[in-house]
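A structural walkthrough
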Amino acid sequence: MLNVDTANEEFFFTGSATGNVNYVSLGAITTYGVDFGNASFVSNDSTNISSGVDRSAAFSANSLIVYENGNILLRFDSGFIFGPVPDPSPVSLTGNGTRFDYSSFDPTTKTVLENSIGDSLANTSGTGFGSVEIVPEPTSAALVLGGLGLLALRRRR
C-alpha cells in the first residue's frame, strides 16, 4: 500500500507483493522492472523510493512519479544492464515504512497525489502483482474516525 500523510506531506509504503518482472531487450542492453499505474514518462515531479521498498532483486532506478495530468506511476526499474539477463524468478517488493517528503512538489502535483487517496494503481508491467492501494496514513485515518465518533456521541446527548 502507498500511505499518504497529508498533514505532514509525506508518503510511505507498507505491505508486500510478489510477481514477475517485465524484461525489455534493446540489443545488447536489457532493462527489467515492474510498473503500477500510468506508464507514461512525461514527469512533473519524481522522488527516488529506493530506500522505502525492500526488494528481492536489484532495482536501481526506482521512482514515484506524479503526473500533472492526474496520473501516478510507481516504477521499480533495473536501469540498463549490459550482458546476461538475470534469473527470471519471482520478485518480492516489501514496504518498510521509510517516509518520503512531498512538500517540494508543485501545488498541482500535491493535489493529484492527495486526491488519489482511495484509488488503486493497477499493475501495468510485470505479472502476478496485484494493484497498489493508495490509503490515508493510519494515524490520520484514526484521528478522523475518532473525531467522527465524538461528534456522533455528542449529537446523541
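Okay, so let's go over this structure. These numbers come from a predicted model, not from an experiment. (Residues numbered from 1 in each chain as written. Predicted model: local features only at pLDDT ≥ 70, side-chain atom pairs only at ≥ 80, totals over all residues. Heavy atoms only, no water.)

1. Here's the deal with the overall build of the protein chain
What the protein chain contains, in helices and strands, is two helices and 15 strands. Among the 157 residues that make up the protein chain, the fraction classed as buried is 36%. Across the protein chain, the fraction of contacts at a sequence separation of at least 24, relative to all contacts at a separation of at least 6, is 71%. Entry remark: accessible area of the protein chain is about 8,400 Å², with carbon and sulfur atoms responsible for 55%. (Helix = DSSP H or I, 4+ residues; strand = E, 2+ residues; numbered from the N terminus. Buried < 20%, exposed > 50% of the residue type's maximum accessible area, 1.4 Å probe, protein only. Contact = heavy atoms within 4.5 Å. Areas by Shrake-Rupley, 256 points an atom, 1.4 Å probe, with all protein chains shown as cover.)

2. Quick word on the pattern of salt bridges
Two side chains that carry opposite charge are able to pair once their charged atoms sit near each other. Going through the model one piece at a time under the given rule, you end up with six salt bridges. One salt bridge in this structure joins arginine 99 and glutamate 10, with 2.9 Å as the shortest N-O distance. Of the two residues, arginine 99 is situated in the loop between strand E11 (91-95) and strand E12 (100-101) and glutamate 10 in strand E2 (residues 10-13); the sequence distance between them amounts to 89 residues. We note a salt bridge from arginine 75 to aspartate 77, for which the minimum N-O separation is 3.4 Å. (Salt bridge = Lys/Arg side-chain N within 4 Å of Asp/Glu carboxyl O.)

3. Examining the nonpolar core
Core analysis: the largest hydrophobic core is formed by 28 residues, its most contacted members being Phe11, Phe36 and Leu74. The set of elements that each furnish at least two residues to this core consists of strand E1 (2-5), E2, strand E5 (29-37), strand E8 (63-66), strand E9 (72-77), E11, helix H1 (107-115) and strand E15 (132-136). Apart from the residues lying within four places of it in its own chain, the contact partners of phenylalanine 11 are Leu2, Asn3, Val4, Thr47, Ile49, Leu64, Thr98, Arg99, Phe100, Tyr102 and Leu113. (Core = buried A, V, L, I, M, F, W, Y, C linked by side-chain atoms within 4.5 Å.)

4. A closer look at the pairing of E1
A regular strand places its side chains so that they alternate between the two faces of the sheet. Residues Leu2 and Val4 point to one face of E1 and Asn3 and Asp5 to the other, with burial holding for every one of them. Examined bridge by bridge, E1 and E2 share four bridges and lie antiparallel to one another. Looking at E2, one finds that asparagine 3 is bridged to phenylalanine 12. (Pairing = 2+ DSSP bridges.)

5. Some thoughts on the sheet that holds strand E13 (residues 120-121)
A sheet is described by the order of its strands in space; here five strands give the open sequence E12-E2-E1-E15-E13, paired in mixed fashion. For this open sheet the edge positions go to E12 and E13, each flanked by a neighbour on one side alone.

6. Some details on the layout of surface pockets
Looking at the largest pocket, its volume works out to about 230 Å³. Taken together, 17 residues make up the lining of the largest pocket; nearest its centre are Met1, Thr14, Ser16, Ala17 and Val132. Mapped onto the lining of the largest pocket, the elements with two or more residues apiece are strand E3 (16-19), E9, E11 and E15. For the lining of the largest pocket, the element with the highest residue contribution is E11, accounting for three residues. For the lining of the largest pocket, the class distribution of residues is nine nonpolar, seven polar and one charged. (1 Å grid on protein atoms, 1.4 Å probe; cavity = no way out; pocket = protein on both sides within 12 Å on 5 of 7 lines; lining within 4 Å. Points joined across faces, edges and corners; volume = space filled by probe spheres on them. Nonpolar A, V, L, I, M, F, W, Y, C, P; charged D, E, K, R; others polar.)

7. Quick notes on the sheet that holds E11
Strand order in the open sheet formed by three strands is E3-E11-E7, and the pairing between neighbours is antiparallel. Across the chains shown, the open sheet's two edge strands, defined by having one partner strand only, are E3 and strand E7 (53-55). Between one strand and the next, the sheet's axes are offset by a mean angle of 20 degrees, whatever the strand orientation. Relative to E11, E7 is paired through three bridges, and the arrangement is antiparallel. Looking at E11, one finds that aspartate 54 is bridged to threonine 94. (Axes fitted to C-alpha atoms, helices over the stretch in contact; angles between N-to-C directions.)

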